[in-house]
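Fold and geometry: a report
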Amino acid sequence: MKAPLEQLLGEALASLKASGLVPADADPEISVTRTRDAAHGDFATNLAMQLAKPARRPPREIADALIAALPANDVVREAVVAGPGFVNFFEAEGTGSRVVADVLEQGAEYGRSATGAGQRVQVEFVSANPTGPLHVGHGRGAALGATIANLLDAVGFEVQREYYVNDAGRQMDILAASVWLRYLELADVGVPFPVNGYRGDYVLDIAKGLRDAHGDAFVRQAAEVTDGLPDDESEGGDKEVYIDAVVARMRELLGDDACRLVLDAGLDAILTDIRDDLGGFGVVHDVWFSERSIQGDVAGVVERLVASGHVYEKDGMQWFRTTDFGDDKDRVVVRANGQGTYFASDIAYLADKLERGFDRVIYLFGSDHHGYTARVRAACEALGHDADRLEFMLIQFAILYRGGERVQMSTRSGSFVTIRELRDEVGTDAARFFYVMRKHSQHLDFDLDLAKSQSNDNPVYYVQYAHARICSVERQLGQRGLAFDRAAGLAALDRLTETSEAELLTKLATWPELVERAALAREPHQVTGYLRDLANGLHSHYNAHKVLVDDETLRNARLCLLFAVRQVLASGLDLVGVSAPEVM
């Protein structure tokens, strides 16, 4: 209904321009929204109020003229002027039930649109350092990113899903050192393990694979490793200084080629694990972008910033003057030793992104990146691009509860719940649904016991059961030897006179609007909320009214309605990466 009304208003506006009532160059946004109170109409527009200033006429006068200029149609029963100049529309009789035919004819395409046609969007999400398995915190970013990408695709945007692999830099060196030290343990070489090395069991598994593949090739004696190293934290030393010294000693003893073999053993194993975890979680990235691939571009990007006057030297380092763009302090891009910083690599990555021609780049970051967005926007502007092309979504933490108690996690110590463990415990469907039930800026309390329960209190179970319930009705139809006549049912939709049926029809009609609104607002929780409401309407209707009645005409009409509900439930579940089971 929304789209036809917008088209009618467009024709009415053209008529007012032709008559001279509205200037020919007036270019308002034609927008129709559903009213909160059906007593005031089904839809409303503020178009007249937008036109009042350029037309130099009172809004209500323009509203009257718009109504008079509406073309003949079969979708509007009445249009009235309301308030300061709104135009409220009442749907024609039968318009509500027409949605059933639309759903059944369009199938999975119902609700999809071309709103974003011609616009390229990149969604970068997860992008966790490949230093260990994905944990439940990453899971929320994965579910949100995948669903946002699905929504954007549903409304016509060309979407690329990207994972930025941080496979260069200090954290990768620490991973390599952690693998090597575990490898030495397997060879009975006793070397203290750094306090801030990577301690998870997965590191030992990687070390075992390294030893199986290369035997004693990387074994060095304990004295060679430890002599001359600074004190670690347990002896009152600085843990960061100590781990960096271990990395330097590893490079000294093994050489660059062997160090790269050790590092790649860890990187390859963890990336394979991450890909498998995301695949099992129903999350697929179109591009896995390696940080290593742009290391050769970093110097050139810094030179561009130097040439444009945005970089200066101080204390032997090169600083990017990000304060010129609203950051709270300037940032180092080249250290005193001549090496680029993490931020310098990120600028090179940003330049690559923007030069790939995306109209909009959406970053999904953890909430701990709140101070990072200003410097990235600064880099965007300094490189000569519009910073409004960048969009940052800072995702709040997901906190697990089991038996009412919070589940503690620590990434570096290896004491955390992985996505794989979460899937094993509650299932992919429950995890995906629960992760997107709250706005990304809100903390999420994830109740593991609720997610596993088969009860109406479990939202994903409640929605999936609505879909399965309709499938059960279809099976009963065949078991009773009854036939479904869709054409007859569509012709008899005026028989759907129950209040619960009218509510379902209205809910189905709002699905396209909901998809567009959720996509443009980047709010997947609107979809899960809608699905819960639609499922509730279905269950209430089913419990109150028999579907497989003796009256064949009414039966076919009710089946049409139910099958339309089933289709929208399936489409909504698909958007959030959840299955639509036929049997439960």
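Everything that follows concerns the structure shown earlier in this document.
Description of the structure in this document. (Residues numbered from 1 in each chain as written. Predicted model: local features only at pLDDT ≥ 70, side-chain atom pairs only at ≥ 80, totals over all residues. Heavy atoms only, no water.)

**As for the packing of helix H13 (residues 419–426) against helix H14 (residues 428–435)**
With their axes 7 Å apart at the nearest point, H13 and H14 run at an angle of 110° to one another. On the basis of the axis angle, H13 is roughly perpendicular to H14. On the side of H13, the interface is formed by Leu422, Arg423 and Val426, while H14 contributes Thr428, Ala430, Ala431 and Tyr435. Of the residues assigned to the contact of H13 with H14, the class counts are five nonpolar, one polar and one charged. (Axes fitted to C-alpha atoms, helices over the stretch in contact; angles between N-to-C directions. Helix = DSSP H or I, 4+ residues; strand = E, 2+ residues; numbered from the N terminus. Parallel < 35°, antiparallel > 145°, perpendicular 65-115°, else oblique. Contact = heavy atoms within 4.5 Å. Nonpolar A, V, L, I, M, F, W, Y, C, P; charged D, E, K, R; others polar.)

**Brief notes about the sheet that holds strand S15 (residues 444–447)**
Spatially, the three strands line up as an open sheet ordered S14-S13-S15, and their pairing is mixed. Since the sheet does not close on itself, it has two edges, and those belong to strand S14 (405–406) and S15, each with one partner. Relative to S14, strand S13 (residues 398–402) is paired through two bridges, and the arrangement is antiparallel. Looking at the pairing, Arg402 lines up with Glu405 of S14. (Pairing = 2+ DSSP bridges.)

**Structural notes on helix H7 (residues 201–214)**
Here H7 is 14 residues long and its end C-alpha atoms lie 20 Å apart, about the 20 Å a rise of 1.5 Å per residue gives. Directly after H7, the chain includes Gly215, whose backbone phi takes a positive value near 60°. (Expected span 1.5 Å × (residues − 1).)

**Examining the pairing of strand S3 (residues 76–82)**
Pairing of S3 with strand S4 (residues 86–91) involves six bridges; the strand directions are antiparallel. The residue of S4 that forms the bridge with Glu78 is Phe90. In this structure, the hairpin formed by S3 and S4 is closed by a connection of three residues, where Gly83 is found at a positive phi of approximately 55°.

**Quick look at the pattern of salt bridges**
Under the definition given, this model contains 31 salt bridges. Residues joined by salt bridges that share partners form a network here, namely Glu109, Arg112 and Asp153. (Salt bridge = Lys/Arg side-chain N within 4 Å of Asp/Glu carboxyl O.)

**Quick look at the side chain of Glu162**
Its place among the elements puts Glu162 in strand S6 (residues 158–165). A distance of 3.2 Å separates the side chain of Glu162 from the side chain of Gln122, its partner in a polar contact. A distance of 2.7 Å separates the side chain of Glu162 from the side chain of Tyr349, its partner in a polar contact. Not counting residues within four places of it along the chain, the set of residues in contact with Glu162 comprises Gln122, Val123, Glu124, Phe125, Ser127, His285, Val287, Phe289, Tyr349, Lys353 and Arg356. (Polar contact = N/O pair within 3.5 Å; in protein donor to acceptor, adjacent residues only side chain to side chain.)

**Points about the side chain of Thr418**
Here Thr418 shows up in the loop between S14 and H13. Thr418 has contacts with Pro133, Leu134, His135 and Val136, leaving out every residue within four places of it along the chain.

**Some thoughts on the nonpolar core**
Core analysis: the biggest nonpolar cluster contains 131 residues, and Trp180, Tyr435 and Phe446 have the highest contact counts within it. Counting residues per element, this core draws most heavily on helix H9 (residues 239–280), which supplies 17 residues. The contact partners of Trp180, leaving out residues within four places of it in the chain, are Phe218, Arg220, Val225, Met250, Leu253, Leu254 and Val262. Core analysis: the next-biggest nonpolar cluster, separate from the first, contains 33 residues, Val301, Leu354, Ala379 and Leu390 among them. (Core = buried A, V, L, I, M, F, W, Y, C linked by side-chain atoms within 4.5 Å. Buried < 20%, exposed > 50% of the residue type's maximum accessible area, 1.4 Å probe, protein only.)

**Notes on the sheet that holds strand S7 (residues 287–290)**
Read across the sheet, five strands follow the order S7-S6-S5-S11-S12 without closing on themselves; strand pairing throughout is parallel. One side of each edge strand has no neighbouring strand; the edge strands of this open sheet are S7 and strand S12 (390–395). Each strand axis lies, on average, 25° off the axis of its neighbour in the sheet, ignoring direction. Pairing of strand S11 (residues 360–366) with S12, which is carried by six bridges, proceeds in the parallel orientation. Paired with Ile362 across the strands is Glu391, a residue of S12. Its contacts with the sheet put helix H12 (residues 373–382) on S11 and S12, and the angle it makes with S12 is roughly 170°.

**Describing helix H6 (residues 170–186)**
One turn of the α-helix equals 3.6 residues, which is why residues spaced by three or four share an orientation. For H6, which comprises 17 residues, the first-to-last C-alpha distance of 25 Å matches the rise-based estimate of 24 Å (1.5 Å per residue) to within 8%. Most of H6 sits inside the fold, with 14 of its 17 residues counted as buried. Looking one or two residues beyond H6, the residue adopting positive phi is Asp188, at roughly 60°.

**Notes on the packing of aromatic side chains**
Within a pair of aromatic rings, the relevant descriptors are the distance that separates the centres and the angle that separates the planes. In this structure the tally under the stated criterion is 18 aromatic pairs. Taking the centre distance of 6.2 Å and the plane angle of 40° together, the rings of Tyr164 and Phe289 count as tilted. Here Tyr164, found in strand S6, pairs with Phe289, found in strand S7; they are 125 residues apart in sequence, far enough to count as distant. Residues Tyr435 and Phe446 carry aromatic rings whose centres are separated by 5.6 Å and whose planes lie at 65° to one another, so their mutual orientation is edge-to-face. Of this pair, Tyr435 sits in helix H14 while Phe446 sits in strand S15, placing them 11 residues apart in sequence. Among the aromatic residues, those joined into a ring-pair cluster are Phe320, Phe325, Phe343, Tyr363, Phe365, Tyr372 and Phe392. It is Arg275 that lies over the ring of Trp288; its NZ or CZ is 4.1 Å from the centre. The ring of Phe281 has Arg432 lying over it, and the distance from NZ or CZ to the ring centre is 5.6 Å. (Phe/Tyr/Trp six-rings, centres within 6.5 Å; stacked < 30°, edge-to-face > 60°. Lys NZ or Arg CZ within 6 Å of the ring centre and 35° of its normal.)

**Let's talk about unusual backbone geometry**
Backbone geometry at Val126 places phi at a positive 70°, although glycine is not the residue there. If you trace the backbone, Val126 turns up in the loop between strand S5 (120–124) and helix H5 (136–154). In the Ramachandran plot, Arg522 falls in the positive-phi region, its phi being about 55° despite a non-glycine side chain. Within the element layout of this structure, Arg522 appears in the loop between helix H19 (511–521) and helix H20 (525–544).

**Section: the environment of Lys314**
If you trace the backbone, Lys314 turns up in strand S8 (residues 311–314). Overall, the relative accessible area of 45% leaves Lys314 in the partly exposed class. Residues Lys314 and Val332, spaced 18 residues apart in sequence, show a C-alpha to C-alpha distance of 9.5 Å.

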